[in-house]
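# Summary of structural features
Each chain is listed here by its residues.
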Amino acid sequence: MLKQAVLQPSLLCFPLHPSLPGARASSVVAFSQHRQWWSQSRQNNRNNNNKVRCPVAANEYSSPSLLEQPTFVAKSRRPAKTTVTVLLTIGGVFAQTETTRELDDINGMNGQTLQLKLVSADLDHTGSEKKTGAAFAHEAKLGIGSITYEATFSVPANFGKIGAVVVRNELDNELFLKDIVLKIDGDDSAPLLFDCKSWLHSKFDRVFFTSNKSYLPSETPAGLVRLRKQELQILRGYGIGERKKFERIYDYDVYNDLGNPDSNPGLARPVLGGYEFPYPRRCRTGRPRNRSDRKSEQRSATVYVPRDEGFSEVKQEQSLLKLRSVIHDLLPSVEAGLVDLRMVGFPSFTAIDALFNEGLPLPPQDSTHTCRTIVPRLVKAMTAGAQNILQFELPEMVDRDKFSWFRDEEFARQTLAGFNPLSIQLVTEFPLASKLDPSIYGPPESLITAELIEREIKGVMTVDEALEQKKLFILDYHDLLLPFVHKVRELEDSTLYASRTLFFLTQESTLRPIAIELTRPASSKQPQWRQVFTPCWEATGFWLWRLAKAHVAVHDSVYHQLVSHWLRTHCCVEPYIIAANRQLSQMHPIYRLMHPYFRYTMEINAFARASLINANGIIEQTFSPGKYSLELSSAAYDKLWRFDMEALPADLIRRGMAMEDPEAEHGLRLTIDDYPYAKDGLLIWSAIEQWVADYVGHYYPSPADVAADSELQSWWTEVRTKGHSDKQHEPWWPSLNTQADLVRILTTIIWVASGHHAAVNFGQYHFAGYFPNHPSIARANMPVEDAEEDDLAAFRAKPEAALLRCFPSILQAAQVMAIQDVMSAHSLDEEYLGKDAEAAWTKNPVVYAAFERFNGRLRVIEGIIDARNADPRLKNRCGAGIVPYQLLKLYSGPGVTGMGVPNSISI
């Protein structure tokens, strides 16, 4: 036996600890079974075109296989101890069925739980990959929320550096692999860490590269070149077939899964993506096409995302489970209770207050008790009896000042410090004019004249002087909304205008609204209607002004949800994620930099397509564009979206809210100094930019290194040509030739995923939870639009009723408020920007030092924001009844806090 040059790998399996029951027997069984499999695989290797297949495997790999059985020269070996941590799942050790649990228990006793194989970073003297043996990991410790497994290898002295490990899950159920730590006896260097954080499907192999070292493609150790390329090919797939839950394939498709025409022709929706409706691409699922519309994809109960993109189980429970419970359990109960009052509005403001003070009774026959445990913030038990009620918590804005939503100054302040601070822009040209075709939409010139403006600003300056001194600002929803006005008005119980809202900048850096123009374009049945409304000191004019503000607030809510939030963050970021996984190896330093900023986004986007933005989903039921909501989003993408303008400084400059100034902080001088979103955002932008510059500078010493990085260049090319293919020929796409180019591209993406998303997401309940402040839909026209004398008389008799008729119905308000409450909440395991370093970053002293500086800067920024919010000179963030601007404070506890900037778009 000693003369044999080759040892069978089964002899290298680490036996169970002698103290464990059945240790000796299970070791023998493991040896016998593995030896039998090894012999069979060698026979298969000879007979089946160099393919190795385990009898229980669910897939094949062409030679050289990940499981190709290696040889060890039986001399000069060193023991290597491996520790594997597997996270427990909710509902059991691996949340298994009883039958499979019993089978897995047997496999575990036999030592067949996890099979590991080490991969050398070096080639042997013949230029071939070095061979190593496989070892089974055995359960060593059951901890709180995890199981630790151990295995030992006998590693030849000439094996070289270990660069990867191949892991096979021999159980019949998937499990979640947290990490693998490997320590070789006699090696004084730090243990090798494989930061996995991945699901392992039953009988499949996974390659994990060591986190201790990141490699550019040209620097890949020779022994890892094949695996690096092979892993990327697995992730790309071949663009065919329906995706299965356990797969990890990233591919592109258009938004062809929003409608459901086979169920109801009225639920047909156009495909988004292409010439008619340009749009970013989403992850391909490959489901069958609808029978009645071969361009669209059938819907299903679950939507595929690559397995490792799924939420952690804590986040599932804290976020998706709550959203599903609200949408599929709570809201149907509310609708059932209002079945005869589906489109009935609120009869009084007292009835609106009752949503917070008394709640909305839920039907006793519905099993809403589960909602009470999942969303106790919303569903509460009545003190008498078992019936539940839907009761909302009073948003802080209204709790501080009940009538703040009614005031002009708060209406204006929220354009700078509300949940949509991305629409306000400087007026640079006058008169105001539309860019739409006048033959279709009417005269382009606005009715807001110079004389009107000078009257409203009391003649303190001329319009020309106001333009020169940068005193005029606008919310301009005219050209985006005008083409949709007649479409929306054909929907049940909904109306729409195009709007322009003009503001004047005061000496205290606050905005004062001075004019609102509402427009209905001409149609075959009606001429154009438009009118300008201004603040007024008589009753009728005041109420018309208030109603005009309500319509503008609806427009702002629509733009916020469909453009600032969904389109510019969720939707546009998904192609970056798909391209990164297809083109950047998991050992690539840029992949490791960007991964935490991409986490969970594809999962929440898939949920949105299933329940929020789909045909007859929450958005269509409760927001003014109705079934045209995503078409409007497509129009905004076509007309407004540019990658180079998604950078915060560029966005501010484009809107005239800042100008370049080398002497100013961050190189920008704000047009309105007290602009909370911009002031706080630029602090975070600069911190991200410095962190990315330090990181990029470490791995790319020269521009030539950036240009020569084949994976990086393929990623950026694919982002443009596939992920955003409808805009691939636009001249504004940044080039990627230098370190500065790369820093600006990566900083932009990280900012959008973190700061931008936080600013438009986590304030939703604070600013729209009391829906009169920001209603999502308008249901009644202005009383003066083509009004009969009887209508005007009714308005003058009771103007409050006209405002209440304009607001959402009771059902619509409850639906939106419940969703906004859950979407504004942080989960228990939220991962905040700059708080915790990724494992790969900690293994590189230079990178870790840069991250620590990033972390330190962000903590200083928190203090700066607190000081600003306490400064009485800053009227847009401090004053009587004003909610401080905290949406860009970095850290938060769980729940609806109105602060906190997570790494990624995860809700």
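Note that residues are indexed from 1 along each chain, following the sequence as it is written. For this predicted model, a pLDDT threshold of at least 70 governs which residues receive local features, and a threshold of 80 or more governs which side-chain atom pairs are given and counted, while totals over whole chains, interfaces and linings are taken from all residues. By convention in this description, side-chain values take in all heavy atoms of the structure and omit both hydrogens and water.

### Some details on the sheet that holds strand 20 (residues 529-533)
Judged by pairing direction, the sheet is antiparallel, and its five strands sit side by side in the order 16-17-18-19-20 without closing on themselves. One side of each edge strand has no neighbouring strand; the edge strands of this open sheet are strand 16 (425-426) and strand 20. When DSSP finds two or more bridges between two strands, those strands count as paired. Helix numbering and strand numbering both begin at the N terminus, where a helix is a DSSP run of H or I of at least 4 residues and a strand a DSSP run of E of at least 2. Of the strand pairs in this sheet, strand 16 and strand 17 (residues 472-476) are connected by two bridges, and their pairing is antiparallel. From the neighbouring strand, Leu426 faces strand 17, where its bridge partner is Phe473. Whether two residues touch is decided by their heavy atoms; if any such pair falls within 4.5 Å, the residues are in contact. Orientation is described by lines fitted to C-alpha atoms, with helices fitted over the stretch in contact, and by angles between N-to-C directions that extend from 0 to 180 degrees. Lying on the sheet, helix 8 (residues 408-417) is in contact with strand 17, strand 18 (498-505) and strand 19 (511-520); it crosses strand 19 at an angle near 85 degrees. Its contacts with the sheet place helix 14 (residues 539-583) against strand 17, strand 18, strand 19 and strand 20, and it is angled at close to 80 degrees to strand 19.

### Things to note about the packing of helix 15 (residues 589-598) against helix 20 (residues 676-699)
Two elements in contact, helix 15 and helix 20, have axes separated by 10 Å at closest approach and are oriented at 160 degrees. By the angle between their directions, the pair helix 15 and helix 20 is classed as roughly antiparallel. Handedness of the helix 15/helix 20 crossing: right-handed. Every residue of helix 20 that contacts helix 15 at Pro589, Ile590, Arg592, Leu593 and Tyr597 is listed here: Trp691, Tyr695, Val696 and Tyr699. Under the convention adopted here, Pro, Cys and the residues Ala, Val, Leu, Ile, Met, Phe, Trp and Tyr are nonpolar, Asp, Glu, Lys and Arg are charged, and Gly plus all remaining residues are polar. Class assignment of the residues belonging to the contact of helix 15 with helix 20 gives a composition of eight nonpolar, no polar and one charged. Roughly parallel here means an angle under 35 degrees, roughly antiparallel means over 145, roughly perpendicular means 65 to 115, and every remaining angle is called oblique. The hand of a helix crossing depends on one turn: near helix anticlockwise from the far one by less than a right angle means left-handed, and clockwise means right-handed.

### Considering the pairing of strand 3 (residues 77-87)
Where a strand is regular, its side chains alternate between the two sheet faces. Alignment of strand 3 against strand 6 (residues 146-156), held across 11 bridges, turns out to be antiparallel. Within strand 6, the position partnered with Val84 by the bridge is Tyr149. Relative to strand 8 (residues 175-184), strand 3 runs antiparallel, the two sharing eight bridges. Note that in strand 8 the partner of Thr83 across the bridge is Val181.

### Re the nonpolar core
Residues belong to a common nonpolar core when they are buried Ala, Val, Leu, Ile, Met, Phe, Trp, Tyr or Cys residues joined through side-chain atoms within 4.5 Å. Relative accessible area decides the class of each residue, using a 1.4 Å probe on protein chains only: under 20% of the type maximum gives buried, over 50% gives exposed, and in between gives partly exposed. Residues Leu330, Leu378, Ile590, Leu652, Tyr675, Trp691 and Trp715 are the most contacted members of the largest nonpolar core, which totals 206 residues. The dominant element in this core, judged by the number of residues it contributes, is helix 14, at 22 residues. With near-sequence residues (within four places) excluded, Leu330 lies in contact with Ser325, Leu362, Cys371, Leu378, Val379, Leu390 and Ala818. Within the second largest apolar cluster, 28 residues are counted, among which are Ala135, Leu175, Leu177 and Phe194.

That is the geometry; function is a separate question.
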